[in-house]
Amino acid sequence: MLPDIDSLALFVRAAELRSLTKAAEASHIGLAAASRRMALLEHRFRTALLERSPRGVDVTPAGAALLPHARALLIEVNQMQAEMRDHANGQKGALRILANTSVMTDSLPGDLATFSRANPDVRLVVEERWSDEIVRGVQAAEADIGIVVSDSPIDGLISQPYCIDRLAVVMRNDHPLAGLEELSFNHVLEEEIITLESGSSMTRLIAAQAVIAERTLQMRVQVRSFETICRMVDAGLGIGLLPSQAAQVLSKGLGLTVRTLDEEWACREMLLVFKPERAVQPSVARLLGFLRQRSAQTRDKRPVCDKAEAL
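Let us look at the structure shown here. In this text the structure is predicted, and so the values were computed from the model without any measurement.

1. Digging into the environment of Q281
Logical step 1: Along the chain, Q281 falls in the loop between α12 (276-279) and α13 (282-298).
Logical step 2: Linking Q281 and D144, residues 137 residues apart in sequence, is a C-alpha distance of 9.7 Å.

Written out as structure tokens, the structure reads:
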């Protein structure tokens, strides 16, 4: 017999609030009913989950082991209810999209908004992740479509071009590099650099190019967002590296100088990746076709990338 979902939800609340009384109030039940639910749950697992004390409750070792499983199960139940609600409301279910930071600050939001207006029967669920995590998520069927940088290993997945971006340098207007007529990566390597944390494909690419140039990459600050990079640059902590489109948008309010890198390696292709069996589903095929059309419409307006043109 499976544990009761409401009892698991009560257990999670009690563990997080460190109080069965507060958990009962949050669950809109009485304390006596909450105590009985917890007793039945502990009887079901044949072990104590919470330790009671005058200060409240603490999870036992068994409760600590159960907590992440219970949270994950409640998230899945919530997603199931949301998807069934979509069907009840006439929608055909949710399409799950995992996208990297570059496209989340570029063309993707506008493209998805346009698709949603034209396809109100399809609900889109979008999550931002690093490219490597996206590939693993799509391979594990956690999402229908992923958007990753082209150098990501995509074993077992189909890909199609989506968009191109070029890396750019962001700096204060009074920085010495801002006045150069030609800016190269070698100039950048002389400076202290602000970039994304090491798990990002962009930072790995920059580090690899520094190795090829036989230079040391001076990464002074590593952060989790492009906006934070620009704010760190504005504060005078170094120069930033991020995709050109994101740099142009985010630097406007701060009055920063943006200069693209002309090296071939700095031009990056973004790919749509998906499992073959997902592509035949009507709503997935509809979104892929729409994004393919949008890619063709905007491709001539993007920077030319030799590697991308060959794809």
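After that view, the rundown keeps rolling.
2. Details of the layout of surface pockets
Logical step 1: Computed from the structure, the second largest pocket encloses a volume of approximately 200 Å³.
Logical step 2: Around the second largest pocket, the lining residues are I5, D6, A9, L10, R13, S27, I29, R37, L74, V77 and N78.
Logical step 3: Going through the elements one at a time, α1 (5-17) and α4 (61-88) are the ones with two or more residues in the lining of the second largest pocket.

3. Details of the pattern of salt bridges
Logical step 1: One pass over the full model with this rule turns up 17 salt bridges.
Logical step 2: With a closest N to O distance of 3.3 Å, E142 and R129 form a salt bridge. A residue pair is termed long-range when its members are at least 10 positions apart, and E142 in the loop between α7 (131-139) and β5 (145-149) and R129 in the loop between β4 (123-128) and α7 qualify at 13 residues.
Logical step 3: Residue classification places E142 among the partly exposed residues on the basis of a relative accessible area of 45%.
Logical step 4: Close ionic contact of E197 with R224 constitutes a salt bridge, the shortest N to O distance being 2.5 Å. Of the two residues, E197 sits in the loop between β7 (193-196) and α9 (201-212) while R224 sits in the loop between β8 (219-223) and α10 (226-234), which places them 27 residues apart along the sequence.
Logical step 5: For E197, a relative accessible area of 21% gives the class partly exposed.
Logical step 6: Of the residues examined, R224 reaches a relative accessible area of 57% and is grouped as exposed.
Logical step 7: Through salt bridges that share partners, E127, R129 and E142 make up one connected network.

Conventions used here
All residue numbers refer to position in the chain's written sequence, counted from 1. For a predicted model such as this one, the threshold for reporting local features is a pLDDT of at least 70, and the threshold for listing and counting side-chain atom pairs is 80 or more; totals across whole chains, interfaces and linings nevertheless cover every residue. Hydrogens are left out, water is left out, and the side-chain values use all remaining heavy atoms of the structure. Comment: elements are numbered from the N terminus, with helices defined as DSSP H or I runs of at least four residues and strands as E runs of at least two. With a 1 Å grid laid over protein atoms only, a set of points is called a cavity when a 1.4 Å probe fits there but cannot get out and a pocket when it is open yet has protein on both sides within 12 Å along at least five of seven lines; lining residues have an atom within 4 Å of a point. Grid points are joined across faces, edges and corners, and a volume is the space filled by probe spheres set on the points. Salt bridge, as applied in this entry: a Lys or Arg side-chain nitrogen positioned within 4 Å of an Asp or Glu carboxyl oxygen. Throughout this description, buried means an accessible area under 20% of the type-specific maximum (1.4 Å probe, protein chains only), exposed means over 50%, and partly exposed covers the range between.

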